[in-house]
Amino acid sequence: MDQDAQKRSAAEAALAYIEPRLTSDTIVGVGTGSTTNFFIDALAGIQHKFDACVSSSEASTERLKGHGIQVLDLNSVDRVEVYVDGADEVNPARQLIKGAGGALTREKIVAASAEEFVCIVDQSKIVDVLGAFPLPVEVIPMARGLVARVLVELGGSPEWRHGYTTDNGNIILDVHGLTITDPAHLESTINDLAGVVTNGIFAAQAADLVLVATPTGVERF
């Protein structure tokens, strides 16, 4: 089973997990990325079983609407039943690094709004310690230099993601070389820096369930 097949398998497992709970007034939160795209495509087949979605990015919104699925603004809904999204790294505590697609801020907001966060990944994303994948940090443009200097002091090597602007109009610094042994502390430390919108560590907002696709099936923890 190749990586795309594993991603599809994880997405289908998430659909099977949430489907029994869907009702006509259920709002489903949807993340961003290649694995989530498989979930969106699968979700289209049961769109008659739920009310609408809220989305973490313009790209996912366009894909959802392309399937005829209604997408609502998060401010217009009272309750998000479940949020389904992928990750770039997942540790045994279900803490994550996210943000390769640049949607980390909106992903955190929707995850925080949901009653349950289901993370879908292929087995290549499972790690013992976070940090091999560069940590994305969303930064207000005028603070790029200031934030980069502090990230170096924290032991990282920040790289500006040239030519990329987030849906919020900000920039991304991808921080290489970190070994994140205390994700919650580092998440808080970076978020406290002036000019940082948020960073891609999901420790305060860890996943409630991780579905991991392997060549022999989908595991959960």
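Residues numbered from 1 in each chain as written. Predicted model: local features only at pLDDT ≥ 70, side-chain atom pairs only at ≥ 80, totals over all residues. Heavy atoms only, no water.

K.L.:
An account of the state of the cysteines is needed here, citing residue identities and associated values.
P.N.:
Tallying each qualifying case throughout the model produces 0 disulfides. Take Cys-53: it sits in no disulfide, and the sulfur closest to it among the cysteines is that of Cys-119, at 17 Å. Overall, Cys-53 belongs to the buried group, its relative accessible area being 0%. In this structure Cys-119 comes out as buried when scored by relative accessible area, which is 0%. (Disulfide = S-S within 2.5 Å. Buried < 20%, exposed > 50% of the residue type's maximum accessible area, 1.4 Å probe, protein only.)

K.L.:
Report on the pattern of salt bridges, specifying residues and quantitative values.
P.N.:
What the rule picks out here adds up to 12 salt bridges. Taking the shortest distance from any N to any O, the salt bridge between Lys-49 and Glu-19 comes out at 2.4 Å. One end of the pair, Lys-49, is in the loop between helix H2 (34-43) and strand S2 (52-55); the other, Glu-19, is in the loop between helix H1 (3-18) and strand S1 (27-30), and 30 residues separate them in sequence. Judged by relative accessible area, which is 33%, Lys-49 ranks as partly exposed. Glu-19 sits in the partly exposed class, given a relative accessible area of 25%. Among the ionic pairs, Arg-106 bridges to Glu-58, the shortest N-O distance being 3.2 Å. On the criterion of sequence distance, the pair formed by Arg-106 in helix H4 (residues 104-113) and Glu-58 in helix H3 (residues 58-66) is long-range, its members being 48 residues apart. (Salt bridge = Lys/Arg side-chain N within 4 Å of Asp/Glu carboxyl O. Helix = DSSP H or I, 4+ residues; strand = E, 2+ residues; numbered from the N terminus.)

K.L.:
How would you sum up the layout of surface pockets? Please name residues and give values.
P.N.:
By volume, the largest pocket is sized at about 270 Å³. If you trace the largest pocket, you find 14 residues lining it, with Ser-55, Asp-73, Leu-74, Arg-106 and Val-110 closest to the centre. Those elements that place two or more of their residues in the lining of the largest pocket are S2, H3 and H4. With 3 residues, the top contributor of residues to the lining of the largest pocket is H4. Residue classes in the lining of the largest pocket are distributed as 6 nonpolar, 5 polar and 3 charged. Around the second largest pocket, the lining is made up of 17 residues, and of these Thr-32, Gly-33, Ser-34, Ala-87 and Asp-88 lie nearest the centre. Elements represented by at least two residues in the lining of the second largest pocket include exactly H1 and H2. Among the elements that take part in the lining of the second largest pocket, H2 stands out by supplying 3 residues, more than any other. Looking at the lining of the second largest pocket, its residues break down into 3 nonpolar, 9 polar and 5 charged. (1 Å grid on protein atoms, 1.4 Å probe; cavity = no way out; pocket = protein on both sides within 12 Å on 5 of 7 lines; lining within 4 Å. Points joined across faces, edges and corners; volume = space filled by probe spheres on them. Nonpolar A, V, L, I, M, F, W, Y, C, P; charged D, E, K, R; others polar.)

K.L.:
A description of unusual backbone geometry should follow, citing residues and the corresponding values.
P.N.:
Of all residues except glycine, most have a negative phi; of all peptide bonds, most are trans. Phi at Arg-94 is positive, roughly 65°, even though this residue is not glycine. Mapped onto the fold, Arg-94 is located in the loop between strand S4 (89-90) and strand S5 (96-97).

K.L.:
Talk me through H1; I want residue IDs and the actual numbers.
P.N.:
Here H1 is 16 residues long and its end C-alpha atoms lie 23 Å apart, about the 22 Å a rise of 1.5 Å per residue gives. Along H1, the positions that sit buried rather than exposed are Gln-6, Lys-7, Ser-9, Ala-10, Ala-11, Ala-13, Ala-14, Leu-15 and Ile-18. Structurally, H1 contributes buried residues whose contacts are with S1, H2, strand S3 (82-85), strand S6 (117-122), strand S12 (209-214) and strand S13 (217-220). A side-chain oxygen of the first residue of H1 lies 3.3 Å from the backbone nitrogen of Asp-4; this N-cap is Asp-2. (Expected span 1.5 Å × (residues − 1). Contact = heavy atoms within 4.5 Å. Polar contact = N/O pair within 3.5 Å; in protein donor to acceptor, adjacent residues only side chain to side chain.)

K.L.:
Account for the sheet that holds S6, with residues named and values stated.
P.N.:
Strands sit in the order S2-S1-S3-S6-S12-S13 across an open sheet of 6 strands; the sheet is mixed. With one partner strand each, in any of the chains shown, S2 and S13 form the two edges of the open sheet. Each adjacent strand pair in this sheet contributes to an overall mean axis angle of 25°, direction not counted. Where H4 meets the sheet, it contacts S1, S2, S3 and S6, and its direction lies at approximately 145° from that of S3. (Pairing = 2+ DSSP bridges. Axes fitted to C-alpha atoms, helices over the stretch in contact; angles between N-to-C directions.)

Taken by themselves, the reported measurements are silent on function.
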